[in-house]
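An overview of the molecular structure
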Amino acid sequence: MHNSPARQLRGKTTETVRQLIRWAARRRRTATGLLLRGACYGAGTGAVSILAVWVERQL
C-alpha cells in the first residue's frame with residue numbers, strides 16, 4: 001500500500017521538522033541576542049555572589 005499511515009506520519013513529521021528549522025533560522029539573531037543576554041546575567045550574578053562570599057569571609 002502506498003498510502004499507509006506510517007508513511008503519512010513520516011511525511012508530516014518531516015514537514016514539521018522543516019518548518020521548525022525554517023522558523024528557528026528566521027529567529028536566529030533574536031535567539032543569539034537572548035542567549036548572550038542570559039550568559040551576561042549569569043556571569044554577573046556569579047561574580048556578585050563570589051564577591052559577597054569573599055566579603056562575608058573577610059568580616
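Residues numbered from 1 in each chain as written. Predicted model: local features only at pLDDT ≥ 70, side-chain atom pairs only at ≥ 80, totals over all residues. Heavy atoms only, no water.

**With respect to the overall build of the protein chain**
Across its full length, the protein chain carries two helices and zero strands. The burial tally for the protein chain puts 0% of its 59 residues in the buried class. Looking at the protein chain as shown, the accessible area adds up to about 5,900 Å², and 64% of this sits on carbon and sulfur atoms. (Helix = DSSP H or I, 4+ residues; strand = E, 2+ residues; numbered from the N terminus. Buried < 20%, exposed > 50% of the residue type's maximum accessible area, 1.4 Å probe, protein only. Areas by Shrake-Rupley, 256 points an atom, 1.4 Å probe, with all protein chains shown as cover.)

**Overview of helix α2 (residues 28-58)**
Given a rise of 1.5 Å per residue, 31 residues ought to cover 45 Å, and the 45 Å separating the end C-alpha atoms of α2 matches this to within 8%. Burial runs low along α2: only zero of the 31 residues are buried. (Expected span 1.5 Å × (residues − 1).)

**Details of a nonpolar patch on the surface**
On the surface, a cluster of nonpolar side chains totalling about 480 Å² of accessible area is made up of L51, W54, V55 and L59. By secondary structure assignment, the location of L51 is in helix α2. (Patch = residues over 30% accessible without salt bridge, like charges linked within 9 Å, V, L, I, M, F, W, Y side chains within 5 Å. Salt bridge = Lys/Arg side-chain N within 4 Å of Asp/Glu carboxyl O.)

**Focus on the pattern of salt bridges**
Summed over the entire model, instances satisfying the criterion amount to two salt bridges. Residues participating in the shared-partner salt-bridge network are E15, R18 and R22.

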